[in-house]
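A closer look at the structure
Each chain is listed here by its residues.
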Amino acid sequence: MLTGRRYLLALAPEQVAYAEAIGAVCRSVWNTGLEQRREYRRRGTYINYEEQCRQLAEAKAEHAWLTEAPSHTLQQTLRDLDKACRVHGTWKVHWRSKARSAPSFRFPDPNRIAVRRLNRRWGSTKLPKFGWVRFRWSRPLGGTIRNATVSRDGNRWYVSFCVEDGVVAVEPNGKPGIGVDRGVAVAVATSDGLLRDREFTTPGEVKRLKRLQQQLARQRNKRSNRRRAVRSKLTALNTRVRARRADFCAWTANRLARDHGLVAVEALRVVAMAKSAKGTVEQPGRNVRQKAGLNRSILAKGWGQFLDQLEHQARYTGCEIVKVPAAYTSQTCHACKHVAPENRESQAVFRCVACGHQDNADVNAAKNILGRGIELVSAAGLAVAGRGDLANRRSAKRQPPSGSRRVCAYATETPRLKPREGSQTAKLTPTID
Ligand SMILES: [Zn+2]
């Protein structure tokens, strides 16, 4: 399977300047290429990757600064642009901005990339025109290199290798299923009653963040050195927060994918949900401020990243990720299936108005999500196996016949999914007087 390995680069000051320069040339090629494609579309025609590459070669003869960057990185930029335009449409592809887009460029030819290990802590890689650059050897490569990307994240530079690790498809692991409810109050609630969350900023950092932002807002001269220093501090702080979030997502996703055969998650449309509620001039949106708050919370919890991590980890653990429609999962009673908005007593407490079943609201939702996930998988299993009702009656303990891997391996609830006396579920459920 193809996978990524990212290492922290230790660039000398002149190498940083060179990397910035390559990034700038690639950005310029991207923007020019995009403008060209749009102009062609305005005239009702189309320009493809090969033609743009040919014109790039011609332009190099005229503009010496284009030859500064390794030619492969420029071609790769045009190839990425071609792909972006084909996937999203020429008019939806974004410009690259000097201030907002971090520089990133790829060396696509593995024959021109070399990696060697210097000692326990350090490795070194040879990149075209760059020469040997040192990087922090934080993990083994574990495969053959396909390409290398150099990019800046915050104030640091990284090299990522795309690696073929030689792992072929992993068999389903046959472990029990679990439902996951992603929320705003608690990042991840699971159907076994665990609530996983983490603060990504300390109180001191929140204070510092606010002070730096105020400082930045007061600075009128956009190009002053002091402003740049404040920006750099702000970037360092934000990078640290982002790293903690990424760690939480990876860690949680790893535990879920490692210990379970099926993870059911809500099919939330994070991008659509997080879009601003402002609307248009003719049709102004409603609840703009509340929506803005929810947006920040959604993005702050890293939902999209969590799902990406889950899918990545599941490739290696033989775990299946099922996305289920999220409608009414928070209002449905898991015990009697009664649906009512009044069931949700508060953000944290769920109490069924029909049967009196009581649970943590997010855990109850996670159980419903697991139920739907199992339904979906067994429906798909029947379709694959084509055995009508038989698959429903088969004992869950029996090994699924080979060739129909989706047959109800998860179709019964394992004991650990039921709320236990004195379990964490009970502990987490707030008592109501
Ligand atoms: Zn009920």
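Residues numbered from 1 in each chain as written. Predicted model: local features only at pLDDT ≥ 70, side-chain atom pairs only at ≥ 80, totals over all residues. Heavy atoms only, no water.

1. Describing the sheet that holds strand 1 (residues 2-10)
Taken in spatial order, the seven strands of this open sheet run 2-6-7-1-5-4-3, and their pairing is antiparallel. Among the strands making up the open sheet, the edge pair consists of strand 2 (104-107) and strand 3 (114-117). Adjacent strand axes in the sheet meet at a mean angle of 35° when their direction is disregarded. Pairing geometry for strand 4 (residues 122-127) and strand 5 (residues 131-136), over six bridges, is antiparallel. (Pairing = 2+ DSSP bridges. Helix = DSSP H or I, 4+ residues; strand = E, 2+ residues; numbered from the N terminus. Axes fitted to C-alpha atoms, helices over the stretch in contact; angles between N-to-C directions.)

2. Section: the packing of helix 5 (residues 225-259) against helix 8 (residues 303-317)
At a minimum axis distance of 8 Å, the contact between helix 5 and helix 8 shows a crossing angle of 40°. Considering the angle they form, helix 5 stands oblique to helix 8. Both helix 5 and helix 8 take part in a crossing whose hand is right-handed. Seen from helix 5, the contacting residues are Arg 245, Ala 246, Cys 249, Ala 250, Thr 252, Ala 253, Asn 254, Leu 256, Ala 257 and Arg 258; seen from helix 8, they are Gln 305, Phe 306, Gln 309, Leu 310, Gln 313, Ala 314 and Thr 317. By residue class, the composition of the contact of helix 5 with helix 8 is nine nonpolar, six polar and two charged. (Parallel < 35°, antiparallel > 145°, perpendicular 65-115°, else oblique. Left-handed = near helix turned anticlockwise from the far one by under 90°. Contact = heavy atoms within 4.5 Å. Nonpolar A, V, L, I, M, F, W, Y, C, P; charged D, E, K, R; others polar.)

3. What to know about the coordination of the zinc ion
Protein coordination at the zinc ion comes from Cys 333 (SG), Cys 336 (SG), Cys 352 (SG) and Cys 355 (SG), with a distance range of 2.2 to 2.3 Å. One can describe the donor arrangement at the zinc ion as tetrahedral, given that its four donor atoms subtend angles of 108 to 111° at the metal. Look at where the donors of the zinc ion fall in the sequence and you get C-x2-C-x15-C-x2-C. Placement of the pair is Cys 336 in the loop between strand 12 (320-324) and strand 13 (349-351) and Cys 352 in the loop between strand 13 and strand 14 (358-360), with a sequence separation of 16 residues. Since its relative accessible area comes to 34%, Cys 336 is described here as partly exposed. (Donors = N, O, S within 2.8 Å, 3.2 Å for Na, K, Ca; no water. Tetrahedral: all angles 85-135°; square planar, octahedral: opposite > 155°, others 65-115°. Buried < 20%, exposed > 50% of the residue type's maximum accessible area, 1.4 Å probe, protein only.)

4. Focus on the sheet that holds strand 10 (residues 195-196)
As summarised here, the arrangement of the five strands in space is 10-9-8-11-12, forming an open sheet in which the pairing is mixed. Pairing within the sheet leaves two strands with one partner each, and these edge strands are strand 10 and strand 12. Pairing geometry for strand 9 (residues 188-190) and strand 10, over two bridges, is antiparallel. Across the sheet, the residue bridging to Val 188 is Arg 196, located in strand 10.

5. Some thoughts on the nonpolar core
Ranked by internal contacts, the top residues of the largest apolar core, which has 37 residues, are Phe 105, Phe 130 and Phe 161. At the level of secondary structure, the elements contributing two or more residues to this core comprise strand 1, helix 1 (13-42), helix 2 (49-62), helix 3 (71-88), strand 2, strand 5, strand 6 (144-153) and strand 7 (156-164). For this core, the element with the highest residue contribution is helix 1, accounting for seven residues. (Core = buried A, V, L, I, M, F, W, Y, C linked by side-chain atoms within 4.5 Å.)

6. Here's the deal with the layout of surface pockets
Approximately 1,300 Å³ is the volume attributed to the largest pocket. Lining the largest pocket we find 32 residues, and of these Lys 98, Ala 99, Arg 100, Arg 152 and Arg 231 sit closest to its centre. Elements represented by at least two residues in the lining of the largest pocket include exactly helix 1, strand 6 and helix 5. Per-element accounting of the lining of the largest pocket gives the leading share, nine residues, to helix 5. Across the lining of the largest pocket, the residue classes break down as eight nonpolar, 11 polar and 13 charged. If you trace the second largest pocket, you find 28 residues lining it, with Arg 6, Asp 153, Tyr 158, Ala 246 and Gln 309 closest to the centre. Contributions of two or more residues to the lining of the second largest pocket are made by strand 1, strand 7, helix 5 and helix 8. (1 Å grid on protein atoms, 1.4 Å probe; cavity = no way out; pocket = protein on both sides within 12 Å on 5 of 7 lines; lining within 4 Å. Points joined across faces, edges and corners; volume = space filled by probe spheres on them.)

7. A closer look at the pattern of salt bridges
The final tally for this structure, using the stated rule, is 20 salt bridges. Notably, a salt bridge pairs Glu 164 with Arg 146, separated by 3.8 Å at the nearest N-O pair. With Glu 164 in strand 7 and Arg 146 in strand 6, the pair connects residues that are 18 residues apart, well separated along the chain. A relative accessible area of 39% places Arg 146 in the partly exposed class. In this structure, Glu 205 and Arg 244 form a salt bridge, with 2.9 Å as the shortest nitrogen-oxygen distance. With a gap of 39 residues between them, Glu 205 in helix 4 (residues 203-218) and Arg 244 in helix 5 connect regions that are remote in the sequence. For Arg 244, a relative accessible area of 18% puts it in the buried group. Through salt bridges with shared partners, one network takes in Glu 35, Glu 39, Arg 42 and Arg 43. (Salt bridge = Lys/Arg side-chain N within 4 Å of Asp/Glu carboxyl O.)

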